[in-house]
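# Residue-level structural notes
Below are the chains, spelled out letter by letter.
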Amino acid sequence: MNERPIEIDILVADGTTETPSVQSGTRVDVSVNGDMYPTAKLEDGRYVAWWFDTEAPDPESDVNSEWVAAPTRYLAAATVGELWNDPAAFYSLVESA
């Protein structure tokens, strides 16, 4: 079996970070273990998911502060779901970066 890494980025707004640039009209909410996560296609072809429940704002909204970018919608949403359920893991990943 040929292994290769898959890049998943965790983006955290720090006042200087620009919001992810998404393609218009690409938002789809993805279900992961019964929870819905908003996703959108990035201009670079990857997908981004962000932290919000129902009535989530657009990914570029100033109220968003954390996003996950991955090669697929489901991978982005599932990663958000895992980190949402384990905030300690999120903070340890962000602090170690």
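Above this text is the structure in question.
All of the points below concern the structure found in this document. (Residues numbered from 1 in each chain as written. Predicted model: local features only at pLDDT ≥ 70, side-chain atom pairs only at ≥ 80, totals over all residues. Heavy atoms only, no water.)

### Here we look at the pattern of salt bridges
Close approach of charged atoms allows side chains of opposite charge to pair. In total, this model carries three salt bridges according to the counting rule given. Here R27 makes a salt bridge to D29, at a shortest N to O gap of 3.0 Å. The class for D29 is partly exposed, based on a relative accessible area of 36%. Among the ionic pairs, R46 bridges to D44, the shortest N-O distance being 2.9 Å. According to the relative accessible area criterion, R46 is partly exposed, its value standing at 25%. Via salt bridges that share partners, D9, D44 and R46 belong to a single interconnected network. (Salt bridge = Lys/Arg side-chain N within 4 Å of Asp/Glu carboxyl O. Buried < 20%, exposed > 50% of the residue type's maximum accessible area, 1.4 Å probe, protein only.)

### Some remarks on the packing of aromatic side chains
If you walk through the whole model with that rule in mind, you get two aromatic pairs. Geometrically, the ring pair formed by W51 and F90 is edge-to-face, given 5.3 Å between the ring centres and 65 degrees between the ring planes. Of this pair, W51 sits in the loop between β4 (47–50) and β5 (66–70) while F90 sits in helix α2 (residues 87–96), placing them 39 residues apart in sequence. Taking relative accessible area as the criterion, W51 reaches 9% and is therefore assigned buried. Take F90: its relative accessible area is 4%, and that puts it in the buried class. Here the aromatic rings of F90 and Y91 are separated by 5.0 Å at their centres, their planes lie at 75 degrees, and the arrangement is edge-to-face. Through a chain of ring-to-ring contacts, three or more aromatic side chains come together here, namely W51, F90 and Y91. (Phe/Tyr/Trp six-rings, centres within 6.5 Å; stacked < 30°, edge-to-face > 60°. Helix = DSSP H or I, 4+ residues; strand = E, 2+ residues; numbered from the N terminus.)

### Concerning the pairing of β5
One face of the sheet, then the other: side chains in a regular strand alternate in exactly this way. Among the five residues that make up β5, five are buried, leaving the element largely enclosed by the rest of the structure. Every second residue of β5 is oriented toward a common face, with E66, V68 and A70 on one face and W67 and A69 on the other, all of them buried. Of the pairings in the sheet, the one linking strand β1 (residues 9–12) to β5 comprises four bridges and is antiparallel in character. Following the sheet pairing, D9 is matched in β5 by A69. Bridging between β4 and β5 involves four bridges; their strand directions are antiparallel. Counted as the bridge partner of A49 is V68 from β5. (Pairing = 2+ DSSP bridges.)

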